[in-house]
Amino acid sequence: MIFSLPQHRSLLRQLGLGLVTLAAGLAMAADPYPTKSITIVNPWAAGGPSDAIIRPIAQQLSARLGQAVVVDNRAGATGTIGAAAVAKATPDGHTLFFAHVNPIAISPSLPQKLPYDPIKDFAPITLISSGPAVLVVRSDFPAKNLAEFIAYARANPGKVSYGSVGIGSNTHLAGSLLGHMSKTDMLHVPYKGSANIQTDILGGSLTTGFVTLSGAQGLIQDGRMRALAVSTAKRSSVLPDVPAVAEMLPGFEISGWYGLMAPANTPPQVIRRLNAEVTAILRTPEMSTRLRDGGMESTPTTPEAFGEYIKAELVRWVNAIKVANIKE
């Protein structure tokens, strides 16, 4: 077959484009994701309950991906500072967000303007864990159970204080909702982290607070704190003898959850890879035991299921905030 000069040129151009495409494909195969260290932004203070969950995951993820995985604690504003930082990050899978119910579902439901949209600015990867908060008091507090606590609060209006990890947090909402549903007048005291809440309860400057099981479990077991109730609709398998608030106040339900997210427009193949790796980590006996010891349940999902879960959470928290009449 004989080609004319223009045909030769056209054929060469096509061959050249094909070689370029092939070279690009080979380069990607030779240099797959991740190409550098990965940063997971944890929106809570270092050393807290959230670190106890994400740092072991980061360590195992590093081994699986062959790159360093660094946890960057960016605490403040009930998690919204960390969320905003990830929302603006390059969507290449090298900056991830250790998502939490506060910055992703609660804060967007409050009457405030945020520098990010929980749906439009993030790509869900997987839900990681969920669990209750536990209402605690110092062991020598007069009330021995939730009914006695409510009676005490009613008899001492304005004298019972409860701590939270910040205005608009799930622990703030839990305390506010408890006060609303039990018709008690309690003083809200916001903190930057749950550790200080427990310290002040033990010291006597704070009456109570909803705290994570992972943070309070040791104090409960050694008798320095008394657990009055858990915030989820049903009792926790970790503290089966501690009733749920809903047993006395039907309809009360506040749960906390963690997940992993990336900036919006992160390549789908990166999302799938991360989902597969983190899901495998969460299903290891070691991680399941660690989460359970912290009062949490391992709850891996598909990216799509996590996205639908977040949408449902946004609706639920809007309704809960209305019921509690939170305007702060």
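The following refers to the structure shown. If you're wondering where the values come from, they're calculated on a predicted model, not measured in any experiment. Here the residue numbers are simple positions, counted from 1 along each chain's written sequence. It should be noted that, the model being predicted, local features are given only for residues of pLDDT at least 70 and side-chain atom pairs only at 80 or more, the latter also being counted only at that level, while totals for whole chains, interfaces and linings use all residues. Neither water nor hydrogens contribute to the side-chain values; these are computed over all heavy atoms in the structure.

1. Comments concerning the environment of L314
Residue placement: L314 occurs in helix α11 (residues 303–324). Under the relative-accessibility criterion, L314 is labelled buried at 16%. Along the primary structure L314 and I119 are separated by 195 residues, whereas in three dimensions their C-alpha atoms are 9.9 Å apart. Secondary structure counts use DSSP, requiring at least four H or I residues in a row for a helix and at least two E residues in a row for a strand, with both numbered from the N terminus. Burial classification: accessible surface area is computed with a 1.4 Å probe over protein chains only, and a residue below 20% of its type maximum counts as buried, one above 50% as exposed, and the rest as partly exposed.

2. A word on the pattern of salt bridges
The rule for a salt bridge is simple: a side-chain nitrogen of Lys or Arg has to be within 4 Å of a carboxyl oxygen of Asp or Glu. Under the definition given, this model contains nine salt bridges. A salt bridge links D72 to R74; the nearest nitrogen and oxygen atoms lie 2.8 Å apart. The salt bridge involving E308 is made with K311; its shortest N-O contact spans 3.6 Å. Taken as a pair, E308 and K311 lie in helix α11 at a separation of three residues, close to a single helical turn. Overall, K311 belongs to the partly exposed group, its relative accessible area being 42%. Here the salt bridges do not stand alone but share partners, grouping R64, R273 and E277 into one network.

3. Some points on the side chain of T184
In this structure, T184 sits in the loop between α6 (170–182) and β6 (186–190). Assessed through its relative accessible area of 12%, T184 is described here as buried. Any two residues whose heavy atoms approach within 4.5 Å are treated as being in contact. Not counting residues within four places of it along the chain, the set of residues in contact with T184 comprises I150, A153, R154, L178 and G179.

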